[in-house]
Structure formats: structure tokens, C-alpha cells
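Residue strings, one per chain:
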Amino acid sequence: RDWSSDVCSSDLSSGINAEYGEIEAEELRKFREANENEEFPDEIDTPTDIPARIRFQKYRGLKSFRTSPWDAKESLPLDYARISQIQNFNNVRKYLLKSESQKEKCVKKGAYVSIFIADVPLSITESCCSALSVFSLLPHEQKMCVQHVVVQRHTQSDLIVKGKEAILAQVGFRRYVVRPIYSQHTKSSKHKLERFMPTTGSFVASYYAPITLQNCPVILFKQECNGSVTLLSTGSTLSCSPDRIICKRIVLSGHPFKIHKKTATVRYLFHNREDINYFKKIEVRTKFGRRGHIRDALGTHGHCKIGFDGPIQQNDTVIMCLYKRVFPRWEFQYS
């Protein structure tokens with residue numbers, strides 16, 4: 001009997017089982033994170049092993065998420081040096097589409113033409129099928145930019161998709177693999193990040209891709225390990241602009257320890273005196289609608305005295321919202 005073949009087959013089966021076990025563990029972890037994010041949106045625990053002023057040094061507080069200023073050219077990643085930007089994208093798109101339609105040397109609809117391509121290797125002609133699709137690009141459509149598309153989740157799609165996961169996107173005649181981030185579809189100058197692909201309503205997916213001037217249909221797929229694809233969402237292109245500000249929000253929470261009229265002693269919001277003094281200027285609020293500011297730190301264990309605009313209840317929760325700008329992950333590959 002050939003024992004070597006049995007050993008190889010057992011090693012192969014154990015490797016496949018281990019791979020599927022890792023995939024199932026990853027899906028279970030995403031399911032738990034999605035449920036926790038749905039029950040407690042953006043809430044995280046203040047770390048005890050590292051100071052909060054170091055852990056959240058890239059975050060900032062905003063008095064109003066809608067009206068507070070934010071510089072779109074501030075602290076840009078290195079990937080932004082590889083992309084192009086079109087000033088006033090809507091006007092440029094209208095001008096280019098109008099000028100292309102008014103050209104005299106255009107092929108009429110329904111006409112047959114012969115296209116000759118020079119210096120094509122014989123290997124390419126042998127590997128290609130008999131029928132090919134040919135498209136023409138408008139000016140600037142060969143350049144890379146940050147593309148934003150408005151999509152809506154398909155009714156039969158129930159997969160949990162986390163931000164920056166690999167997604168197969170079909171945008172017009174182009175098909176490529178990208179890693180988008182998701183945000184709310186609003187008219188504000190800043191847009192809140194969605195950690196997971198929303199299951200209801202319209203939302204915006206942002207990723208690095210070639211510029212698309214025309215309004216094209218968009219279909220997003222999830223590509224499985226076995227090569228099959230699952231339909232996730234459908235929509236259309238929105239714009240190509242690197243100035244869209246997408247902010248990630250975190251919520252730090254604390255509990256009232258002692259209450260005296262409009263003043264309360266809060267614990268668990270921070271764990272040391274230095275962190276309280278660092279975040280002292282940021283406004284806090286409660287889940288019942290009260291607003292206030294940190295007045296002073298009490299002791300060395302993270303207790304702080306906060307003054308509110310009115311009396312608060314003992315069962316209320318004090319929260320502090322912090323924001324930072326996030327960007328898509330650079331990954332682009334034609335499929």
C-alpha cells in the first residue's frame with residue numbers, strides 16, 4: 001500500500017478544513033461587529049492600557065458636524081499624489097460631452113466601420129474571441145481619481161460587507177476590483193462614514209478608479225473564493241472629486257456618579273487626569289439631549305466635573321464625539 005499518497009491527501013484535506021475554518025471565524029467576527037455597531041453606533045470603550053490622548057491623537061471634536069469648518073486639503077495621504085483633480089467637475093463634464101456631440105467627424109448610429117490596429121502581437125489575436133467590444137474614451141478618462149457612486153442595497157442581498165473589503169465593480173463598460181469605503185448620502189460638506197455597507201436606503205461608495213465623465217450605471221458584486229459572484233447593490237455614478245470629506249466618528253461614553261443641580265461628576269469617560277485636561281475644550285452631551293463642558297478633573301482615576309445646560313437624570317449617559325477624516329485604500333485591478 002502507498003502510504004505517501006494517504007499522507008498527502010490527509011495534509012491537503014486538513015489544509016482545506018483549516019482554510020474554511022478561518023473563513024467561518026472571520027464571517028462570525030464580522031457578524032458580531034455588525035450587530036454591536038447596530039446596537040451601539042460608533043461607541044467604543046476608552047482604552048485603559050494606553051492614554052486616550054495618544055490613542056485618539058488623530059481625532060478632533062466638532063461643535064457642529066454640519067457647519068463646523070474642515071479644510072479639504074489638510075493632511076492628505078501619499079496616494080493623493082498619484083491622482084488627478086478636475087476643478088468644477090460638473091461644468092467640465094457638460095462642456096466635454098457637448099463638444100464631443102458637435103464634432104463633424106462622428107460615426108452615425110447603425111453605420112458599419114472597419115478599424116485597423118497596428119503592431120498587435122499574434123498571441124493576442126489567437127487568445128481573443130471572435131467578437132470584441134470597442135469603446136472610446138473622453139478627455140481625462142484615462143486618469144485616476146477618487147470616484148463616488150450612489151448605490152442602494154439589493155433586496156435579496158444579506159451579506160455583511162465591511163469597509164475596504166475587495167469589491168468587484170461594474171461601472172459602465174469598465175469592470176475592476178476596488179476597496180471602497182461607504183458614507184452617508186447627504187448635501188452637507190462632511191459625510192459620516194459607515195463601517196459596514198448599509199442594508200437600507202441610498203449611500204455613497206468611494207474608491208480610486210479612472211475618471212468617468214458620463215453618468216453610467218454601477219453594479220457592485222462580492223467575489224467569493226470559488227470564483228462565483230454575488231450581487232450586492234446597484235446605482236449610478238455621482239462624481240469624481242478628491243475633496244469629498246468622509247469623517248469617521250467615535251463615541252466615548254461615561255456615567256454620572258454624583259449629580260447636584262446642573263453639575264455632575266462623571267466616571268469611565270477617561271481613566272487619568274492628563275486625558276481629561278487634553279479633551280477639556282470639547283463639548284459633551286447626553287443621550288437625553290443635554291449639553292455641557294468639562295470644568296475640572298477630580299482625583300487621579302478619571303473622574304471629572306461637568307457643567308450642563310440643565311439638570312440631568314441618574315440613568316442618563318454622557319458621551320463625547322470625536323471625528324477624523326478617512327480615505328479609501330489604494331487597490332485597483334481590471335477584471
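Definitions and limits used
- Residues numbered from 1 in each chain as written.
- Predicted model: local features only at pLDDT ≥ 70, side-chain atom pairs only at ≥ 80, totals over all residues.
- Heavy atoms only, no water.
- Helix = DSSP H or I, 4+ residues; strand = E, 2+ residues; numbered from the N terminus.
- Rg over C-alpha atoms; globule rule 2.2 N^0.38 Å.
- Buried < 20%, exposed > 50% of the residue type's maximum accessible area, 1.4 Å probe, protein only.
- Contact = heavy atoms within 4.5 Å.
- Salt bridge = Lys/Arg side-chain N within 4 Å of Asp/Glu carboxyl O.
- Disulfide = S-S within 2.5 Å.
- Polar contact = N/O pair within 3.5 Å; in protein donor to acceptor, adjacent residues only side chain to side chain.
- Phe/Tyr/Trp six-rings, centres within 6.5 Å; stacked < 30°, edge-to-face > 60°.
- 1 Å grid on protein atoms, 1.4 Å probe; cavity = no way out; pocket = protein on both sides within 12 Å on 5 of 7 lines; lining within 4 Å.
- Points joined across faces, edges and corners; volume = space filled by probe spheres on them.
- Expected span 1.5 Å × (residues − 1).
- Arc of directions from axis to C-beta.
- Pairing = 2+ DSSP bridges.
- Patch = residues over 30% accessible without salt bridge, like charges linked within 9 Å, V, L, I, M, F, W, Y side chains within 5 Å.
- Areas by Shrake-Rupley, 256 points an atom, 1.4 Å probe, with all protein chains shown as cover.
- Lys, Arg positive; Asp, Glu negative; His and termini not counted.
- Charge placed at Lys NZ, Arg CZ, Asp CG, Glu CD.

K.L.:
Tell me what's going on with the overall build of the chain, and back it up with residues and numbers.
P.N.:
Scanning the chain for helices and strands turns up five helices and 15 strands. The C-alpha atoms of the chain give a radius of gyration of 27 Å, which is well past the 20 Å a tight globule of 335 residues would have. The principal-axis extent of the C-alpha atoms belonging to the chain is close to 85 × 80 × 35 Å. Split into buried and exposed, the 335 residues of the chain put 36% on the buried side. Counted over contacts in the chain with a minimum sequence separation of 6, partners at least 24 positions apart contribute 73%.

K.L.:
With reference to specific residues and values, describe the pattern of salt bridges.
P.N.:
Throughout the structure, instances matching the rule amount to 16 salt bridges. The closest approach of N and O atoms between Glu331 and Arg179, which form a salt bridge, is 2.3 Å. In this pair, Glu331 sits in the loop between strand 14 (318-325) and strand 15 (333-334) while Arg179 sits in the loop between strand 3 (174-178) and strand 4 (181-184), placing the two residues 152 residues apart along the sequence. Connected through salt bridges with shared partners, the residues Glu26, Arg29, Glu33 and Lys162 form a single ionic network.

K.L.:
Talk me through the state of the cysteines; I want residue IDs and the actual numbers.
P.N.:
Under the definition given, this model contains zero disulfides. Just so you know, Cys247 is unpaired, no disulfide at all, and the nearest cysteine sulfur is the one on Cys321, 12 Å from it.

K.L.:
Explain the side chain of Lys222 to me, using residue names and the numbers behind them.
P.N.:
Note that Lys222 resides in strand 7 (residues 217-223). At 3.0 Å, the side chain of Lys222 forms a polar contact with the side chain of Glu165.

K.L.:
Help me get a handle on the packing of aromatic side chains, residues and values and all.
P.N.:
Applying the stated rule across the entire model yields 13 aromatic pairs. A centroid spacing of 5.8 Å and a plane angle of 85 degrees characterise the contact between Phe56 and Tyr59, whose relative ring orientation is edge-to-face. Looking at Phe56, the relative accessible area reads 1%, which means it is buried. Seen from their ring centres, Tyr182 and Phe203 are 5.8 Å apart, and the 80 degrees between their planes marks the pair as edge-to-face. Placement of Tyr182 in strand 4 and of Phe203 in strand 6 (residues 202-210) is noted, with a sequence separation of 21 residues between them. Per residue, the accessibility class of Tyr182 equals that of Phe203, and both read buried.

K.L.:
Lay out the layout of surface pockets with the relevant residues and their values.
P.N.:
What the largest pocket holds in volume is close to 700 Å³. As for the largest pocket, its lining consists of 28 residues, and the residues nearest its centre are Glu33, Lys162, Arg195, Phe196 and Lys248. Contributing elements (two or more residues each) for the lining of the largest pocket: helix 1 (3-39), strand 4, strand 5 (190-194) and strand 9 (245-260).

K.L.:
Which residues make up helix 3 (residues 89-101), and what values do they have?
P.N.:
Because each turn of an α-helix spans 3.6 residues, side chains separated by three or four positions in sequence point in the same direction. Taking 1.5 Å of rise per residue, 13 residues should cover 18 Å, and helix 3 covers 18 Å from first to last C-alpha, within 8% of that figure. Regarding helix 3, the residues found buried are Phe89, Arg93 and Leu96. Looking straight down helix 3, one finds that the buried residues subtend no more than 75 degrees of arc, so they occupy a single side. In helix 3, those exposed residues whose orientation departs by more than 90 degrees from the buried face are Lys94, Tyr95, Lys98 and Ser101.

K.L.:
Describe the pairing of strand 8 (residues 229-240), naming the residues involved and giving the relevant values.
P.N.:
As a general feature of sheets, a regular strand has side chains that alternate between the two faces. Note that strand 1 (residues 144-153) and strand 8 share seven bridges and pair antiparallel. Note that in strand 8 the partner of His148 across the bridge is Ser239. Here seven bridges tie strand 7 to strand 8, and the two strands are oriented antiparallel to one another. By the bridge assignment, Phe221 is partnered in strand 8 with Leu231. Following strand 7, the chain reverses through five residues before pairing antiparallel with strand 8; Gly227 in that reversal takes a positive phi of roughly 100 degrees.

K.L.:
Residues and numbers for a negative patch on the surface, please.
P.N.:
Residues Glu36, Glu38, Glu39 and Asp45 make up a contiguous surface patch of negative charge. Relative to the helices and strands, Glu39 is located in helix 1.

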